[in-house]
Amino acid sequence: MILHATDNAVSWITLNRPEALNALTPDLRERLIDRLAEASADPDVRAVVITATGRGFCAGADLRGTPAPGERVPGDVARTLRLGAQRLIAAVLDCEKPVIAAVNGTAAGLGAHLAFACDLVLAAEPARFIEVFVRRGLVPDGGGAYLLPRLVGPQRAKELMFFGDALDSADAERLGLVNRVVPPAELERTARAWAERLAAGPTRALALTKQLVNASLDSDRAAAFAAEAAAQEINMTTADALEGVASFVERRAPRFRGR
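A brief report on the enclosed structure follows. (Residues numbered from 1 in each chain as written. Predicted model: local features only at pLDDT ≥ 70, side-chain atom pairs only at ≥ 80, totals over all residues. Heavy atoms only, no water.)

Right, let's get into the nonpolar core. Counting 47 residues, the largest nonpolar core has Leu15, Val48, Ile50, Phe57, Val103 and Phe129 as its most contacted members. If one sorts the elements of this core by residue count, helix H4 (residues 110-117) sits on top with six residues. Setting aside anything within four residues of it in sequence, one finds Ile50 in contact with Ile13, Leu36, Phe57, Val92, Val99, Ile100, Ala101, Ala102, Leu114 and Cys118. Counting 16 residues, the second-largest nonpolar core is a separate cluster that includes Val10, Ala102, Leu122 and Ala199. (Core = buried A, V, L, I, M, F, W, Y, C linked by side-chain atoms within 4.5 Å. Buried < 20%, exposed > 50% of the residue type's maximum accessible area, 1.4 Å probe, protein only. Helix = DSSP H or I, 4+ residues; strand = E, 2+ residues; numbered from the N terminus. Contact = heavy atoms within 4.5 Å.)

Let us look at the sheet that holds strand E8 (residues 128-130). If you walk across this open sheet you meet the four strands as E4-E6-E8-E9, and the pairing is mixed. The sheet is open, and its two edges are formed by strand E4 (56-58) and strand E9 (166-168), each paired on a single side. Between one strand and the next, the sheet's axes are offset by a mean angle of 20 degrees, whatever the strand orientation. The pairing of E4 with strand E6 (residues 106-108) spans two bridges and is classified as parallel. Paired with Gly56 across the bridge in E6 is Thr106. The sheet contacts of H4 involve E4, E6 and E8, and relative to E6 the element is tilted by about 100 degrees. (Pairing = 2+ DSSP bridges. Axes fitted to C-alpha atoms, helices over the stretch in contact; angles between N-to-C directions.)

What follows concerns the sheet that holds strand E10 (residues 180-182). Read from one edge to the other, the open sheet built from six strands follows the order E1-E2-E3-E5-E7-E10, with strand pairing classed as mixed. Edge positions in the open sheet fall to strand E1 (2-7) and E10, since each of these has one partner strand only. Ignoring which end each strand starts from, the neighbouring axes of this sheet average 20 degrees apart. By the bridge criterion, six bridges tie E1 to strand E2 (residues 10-15) in an arrangement that is antiparallel. Paired with Asp7 across the two strands is Val10, which belongs to E2. Strands in contact with helix H8 (residues 187-199) are E1, E2, strand E3 (47-52), strand E5 (99-103), strand E7 (120-124) and E10; relative to E7, the strand with the most contacts, it is inclined by about 165 degrees.

What follows is the structure in structure tokens.
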């Protein structure tokens, strides 16, 4: 249900349940989390692309296998969410490599949040993003109420979540949810070009930059400045930082190794 390959230091993770619009079963979710953890820990992987087969990117959690409501013990729902959808979104946010979403089609519910958690989002022209929860009488999960206000502001986030209307790729780009919209035939090529450019970069510096940016909206200035100083201290011990300075002094292009 997941296709996986590493090519030119890029980990390609492809959701492969096209008949179900790549809706996430618990097993598929765990496999995705595992692939992200492996990419994070592998020094030979320096960027990640998440994409999908068929006409959908991800229709969200697959509710067809959900048991019928019965007697619940308080805490069951929160525990399921914490160990499931929230772990998936955290795996993307905490991955130590830059993660690109290449959204080929509809991204709904948790599938939309999976894309929004990525560091960069490319979308094919037919792609749509839907905060589908309200249509099912549900509260948004998978970090949606955390991610969306940080991307588009609270008013726009509430509009998307209150109405659950489909947002086309052009409007998603206009709102800042998508970095770039491309024709379907160019999606993989563009994702590959971006990912290989990131994979040729200073991997540890990118990881530290990602951490700083992701934490910035939850920090006051003093905490943000302290985190920045700590990140600089760590990064200046890396071989890539030394190479970057040396290449500047020697007036040549740097040759980063991700170390």
